[in-house]
Amino acid sequence: GGGDGDGDKLRRSVTNAADEVPAITKTDEVLKTKAAQIPQQQEAAAVVQSNDNDKLTEEALVQEVERLDAEVRQIKASLPQGHFMETDPKGVDASKRLQEATRKLLKARYGAKEPFRVRLDLEFQPTIADFEKDGGKNGHILIEMAPSELQPHSIFTYMEVARNYGGGGFHRIAGHVLQVQVRAPGVKHLAFQEYSPDYPHKKGTVGYAGRPSGPAWYVSLVNNARNHGPGSQQKANPHEADSCFGTVIEGFDTDVQRIRKVDGDGFLGDHKKWVLINKMQIMVPGDDGEYTEWKPKT
């Protein structure tokens, strides 16, 4: 009897083990399925995060842009000699993330419709030769911003100049440009030399002066695509260019040409010769395409 009892136990044990094999296989399949789902879940989380960023408040977007701006500046400052922001993988990645966050902030603050515009109210001073004849002191120019798809960082910086404007004027008369000095508390030069070959320095465009560029800017009187484009203004970096971020759409043939009549050449040490910019007003398009003055949310 004892032998048969042991046989029964053995048979039951083998049967139980056989029953467990499908269960183990099933567990394996579940684990594999879960593992396969992880990338999909991560992708879904990234989409959710991206959508969340779209819904972030303006204040939260300001903080995100400031954080990314600081990151870009830090990367640029720490690049070894012979490395360039335009080709360095970390530099390119950080710059793109800053641009994307800035596009969202522009949309949150100024609306989804583009292009944005900035109107400049000018004051010609009595030192200009044609002061009486050409209509006295008042003038204006209207600048249309480049698409934010191309130049978000540069556009945002210019809108910040307008939003925080504390004075300035045209202080340099050159054959190829008219340059502006501005006071705009809190506005820094560009974090990187943002440039798009799709928006070159054609006649009538506006770009940032200096390296690093901004917030001083200029109007191009001629086609400056070559001498302000990639590899220009310095010999160290073949990729670096002045940022070009807008076009004069009103006043180029009138008041811009009148500025050229200022008595002087180069940088004007005498402030009484400057053509002053008394006001910078941001203009945004409505649903009907009509432009109105932008006012901060209350």
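Quick caveat, the model's predicted, so the values are computed rather than measured.

1. So, the overall build of the chain
Next, step 1: The secondary structure content of the chain amounts to five helices and 10 strands.
Next, step 2: Expressed as a percentage of contacts within the chain between residues at least 6 apart in sequence, the contacts between residues at least 24 apart total 69%.
Next, step 3: Counting only carbon and sulfur atoms, one obtains 52% of the accessible surface of the chain, whose full area is about 16,500 Å².

2. Some remarks on the nonpolar core
Next, step 1: Counting 61 residues, the largest nonpolar core has Leu120, Tyr158, Phe170 and Trp217 as the members making the most contacts within it.
Next, step 2: Residues in contact with Phe170, not counting those within four places in the same chain, are Leu122, Ile141, Leu178, Gln179, Val180, Trp217, Val219, Ile259, Leu268, Trp274, Val275 and Ile277.

3. Here's the deal with the packing of aromatic side chains
Next, step 1: Applying the stated criterion across every chain yields a total of six aromatic pairs.
Next, step 2: Both rings, one in Tyr158 and one in Phe245, keep their centres 4.9 Å apart while their planes meet at 40°; by these two values the pair is tilted. In this pair, Tyr158 sits in helix H4 (residues 152-163) while Phe245 sits in strand E7 (residues 244-250), placing the two residues 87 residues apart along the sequence.
Next, step 3: When its relative accessible area of 0% is taken as the criterion, Tyr158 is described as buried.
Next, step 4: When the ring of Phe170 is compared with that of Trp217, the centres are 6.0 Å apart and the planes differ by 70°; the resulting orientation is edge-to-face. In this pair, Phe170 sits in strand E3 (residues 168-173) while Trp217 sits in strand E6 (residues 217-220), placing the two residues 47 residues apart along the sequence.

4. So, the confidence of the model for the chain
Next, step 1: For the chain, per-residue confidence averages 84 on the pLDDT scale, and 79% of positions sit at 70 or higher.
Next, step 2: Taken as a whole, residues 9-25 scores under 50 in pLDDT and shows one contact with residues more than four places along the chain or in a different chain.
Next, step 3: In the model, residues 38-51 has pLDDT below 50 throughout and makes one contact with residues more than four positions away in sequence or in other chains.

5. Quick look at the side chain of Ser148
Next, step 1: With respect to the secondary-structure elements, Ser148 resides in the loop between strand E2 (138-145) and H4.
Next, step 2: Residue contacts for Ser148: discarding those within four places in its chain leaves Arg103, Leu106, Glu114 and Ile155.

6. Brief notes about the pattern of salt bridges
Next, step 1: Applying the stated criterion across every chain, the model contains 17 salt bridges.
Next, step 2: A salt bridge links Arg109 to Glu58, with the nearest nitrogen and oxygen atoms 2.9 Å apart. One end of the pair, Arg109, is in helix H3 (residues 89-110); the other, Glu58, is in helix H2 (residues 58-77), with 51 residues separating them in the sequence.
Next, step 3: Residue classification places Arg109 among the buried residues on the basis of a relative accessible area of 8%.

7. Some remarks on the environment of Arg103
Next, step 1: Position of Arg103 relative to the elements: it lies in helix H3.
Next, step 2: Overall, the relative accessible area of 16% leaves Arg103 in the buried class.
Next, step 3: The contacts of Arg103, once residues within four sequence positions are left out, are Ser148, Glu149 and Pro152.
Next, step 4: At 3.0 Å, the side chain of Arg103 and the side chain of Glu100 are in polar contact.

8. Some points on the packing of H3 against H4
Next, step 1: Where H3 contacts H4, the two axes come as close as 8 Å, and the packing angle between them is 40°. The angle between H3 and H4 places the two elements in the oblique class. The crossing of H3 and H4 is left-handed. Contact residues: H3 offers Leu98, Gln99, Thr102, Arg103, Leu105, Leu106, Arg109 and Tyr110, while H4 offers Pro152, His153, Ile155, Phe156, Met159, Glu160 and Arg163.
Next, step 2: Looking at the contact of H3 with H4 residue by residue, the classes come out as eight nonpolar, three polar and four charged.

9. Looking at the pairing of strand E4 (residues 177-182)
Next, step 1: When you tally the buried positions in E4, you get five out of six residues, the bulk of the element.
Next, step 2: Examined bridge by bridge, E3 and E4 share five bridges and lie antiparallel to one another. Note that in E4 the partner of Phe170 across the bridge is Val180.
Next, step 3: From the end of E3 to the start of E4, which pair antiparallel, there are three residues.
Next, step 4: Bridging between E4 and E6 involves four bridges; their strand directions are antiparallel.

Criteria and cut-off values
- Counting of residues starts from 1 at the beginning of each chain's written sequence and follows it residue by residue.
- Where totals are concerned, whole chains, interfaces and linings use all residues; where local detail is concerned, this predicted model gives features only for residues with pLDDT of at least 70, and gives and counts side-chain atom pairs only at 80 or more.
- Side-chain numbers here rest on the full set of heavy atoms in the structure, without hydrogens or water.
- Think of it this way: any DSSP run of H or I at least four residues long counts as a helix, any run of E at least two long counts as a strand, and we number them from the N terminus.
- Here, two residues are considered to be in contact whenever any of their heavy atoms come within 4.5 Å of each other.
- We get accessible surface area from the Shrake-Rupley algorithm with a probe of 1.4 Å; when it comes to residues, only the shown protein chains can shield them.
- Nonpolar core, defined: a set of buried Ala, Val, Leu, Ile, Met, Phe, Trp, Tyr and Cys residues in which side-chain atoms within 4.5 Å join the residues together.
- When accessible area is computed with a 1.4 Å probe and restricted to protein chains, residues below 20% of their type maximum are described as buried, those above 50% as exposed, and intermediate ones as partly exposed.
- Here the aromatic set is Phe, Tyr and Trp, taking the six-membered ring for Trp, and pairing holds for ring centres within 6.5 Å; pairs whose planes are under 30 degrees apart are stacked, those over 60 apart are edge-to-face, and all others are tilted.
- What pLDDT expresses is the predictor's confidence in each residue, scored from 0 to 100.
- Only one rule defines a salt bridge in this text: a Lys or Arg side-chain nitrogen within 4 Å of an Asp or Glu carboxyl oxygen.
- Throughout this description, a polar contact denotes any pair of N or O atoms lying within 3.5 Å of each other; where both atoms belong to protein, one of them has to be capable of donating a hydrogen while the other can accept it, and for residues adjacent in sequence the pair is counted only when both atoms sit in side chains.
- Between N-to-C directions, angles cover 0 to 180 degrees, with each direction set by a line fitted to C-alpha atoms, over the stretch in contact for helices.
- Each angle gets one of four labels, with under 35 degrees taken as roughly parallel, over 145 as roughly antiparallel, 65 to 115 as roughly perpendicular, and the rest as oblique.
- By definition, turning the near helix anticlockwise from the far helix through less than a right angle yields a left-handed crossing, and turning it clockwise yields a right-handed one.
- Residue classes follow a fixed rule: Ala, Val, Leu, Ile, Met, Phe, Trp, Tyr, Cys and Pro count as nonpolar, while Asp, Glu, Lys and Arg count as charged, and any other residue, Gly among them, counts as polar.
- When DSSP finds at least two bridges between two strands, those strands are taken to pair.

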